[in-house]
Amino acid sequence: MSPDAASKPDPTVQPVHRSVVEQVDAADSTLQNPKFAVLSIGGNLGNRLDSLQGAVDALADTPGLRVKAVSPVYETAPWGVPADSQPAYFNAVVIVRTTLPPTSLLERAQAIEEAFERVRDERWGPRTLDIDLISYQGVHSDDPRLTLPHPRAHERAFVLVPWHDVDPDAELPGHGRVAELLRELGDQGVHRREGVTLVLPD
């Protein structure tokens, strides 16, 4: 991340709507009905590891959300673009328990992306940080703004490989067990980066 980005407001304090904060704080204080969600994080510009760790830290500081597991870091070629046209990505998967509804979790993810200067000028373009909501406790949604589960997750080894690492029994709703999907898909050149790790917040 650049010095200019570092001087910007802390991404962990990006606002969530007041009514949502009140609801999730009340629920979180008594741990009533939390949901498990899976997020994929990645980036191929700037300090990739710092960006991913920043995303994990910002998620952990979100009201009504607890980070439960973080996968190993994987490196993969960019998706949907010619070979060698962009730097390689670092990717990981984060599993959270949350009382935020799916749309609010998406809004929080987008606020964190913006804090890390995510640019959306082109589809499949390079980015400092990308956070995708992959699944939310079996919820199905056809809303164009938030389709659940993620409509292309079953085709992407850079999502499935780290997810399987952190949860070998995981299932992608509507598609089956992640382990079975990987057997059919293969690893698509996704490589684990030994010695490169993300820290699970306390």
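Let us look at the structure shown here.

Here helix 3 (residues 48–60) spans 19 Å end to end across 13 residues, near enough to the 18 Å set by a 1.5 Å rise per residue. Looking only at helix 3, the buried set comprises R48, S51, L52, Q53, G54, A55, V56, A58 and L59. Looking at the buried side of helix 3, the elements it contacts are strand 1 (35–43), strand 2 (65–70), strand 3 (74–76), strand 4 (89–98), helix 4 (102–115) and strand 5 (130–136).

Another point: the packing of helix 5 (residues 157–166) against helix 6 (residues 178–185). Look at helix 5 against helix 6: their axes get within 10 Å of each other, and the N-to-C directions meet at 135°. As judged from the angle between their axes, helix 5 and helix 6 are oblique. The way helix 5 lies across helix 6 gives a crossing that is left-handed. Of helix 6, the residues touching helix 5 (which contributes A157, L160, V161, W163 and H164) are V178, A179, L181, L182 and L185.

Looking now at the pairing of strand 5. Here strand 5 lies mainly inside the structure; seven of its seven residues are buried. Sheet topology note: the strand 1/strand 5 ladder contains six bridges and is antiparallel. Within the sheet, the bridge partner assigned to V38 lies in strand 5 and is S135.

Here the focus is the pairing of strand 4. Burial analysis of strand 4 places nine of its ten residues in the buried class, the great majority of the element. Pairing analysis gives nine bridges linking strand 1 to strand 4, with the strands arranged antiparallel. Paired with V38 across the two strands is I95, which belongs to strand 4. In terms of strand pairing, strand 3 meets strand 4 through three bridges, oriented antiparallel. Paired with Y74 across the bridge in strand 4 is N91.

Reading the values: rules and limits
Residues numbered from 1 in each chain as written. Predicted model: local features only at pLDDT ≥ 70, side-chain atom pairs only at ≥ 80, totals over all residues. Heavy atoms only, no water. Helix = DSSP H or I, 4+ residues; strand = E, 2+ residues; numbered from the N terminus. Expected span 1.5 Å × (residues − 1). Buried < 20%, exposed > 50% of the residue type's maximum accessible area, 1.4 Å probe, protein only. Contact = heavy atoms within 4.5 Å. Axes fitted to C-alpha atoms, helices over the stretch in contact; angles between N-to-C directions. Parallel < 35°, antiparallel > 145°, perpendicular 65-115°, else oblique. Left-handed = near helix turned anticlockwise from the far one by under 90°. Pairing = 2+ DSSP bridges.

Limitation: the analysis is restricted to geometry and does not speak to function.
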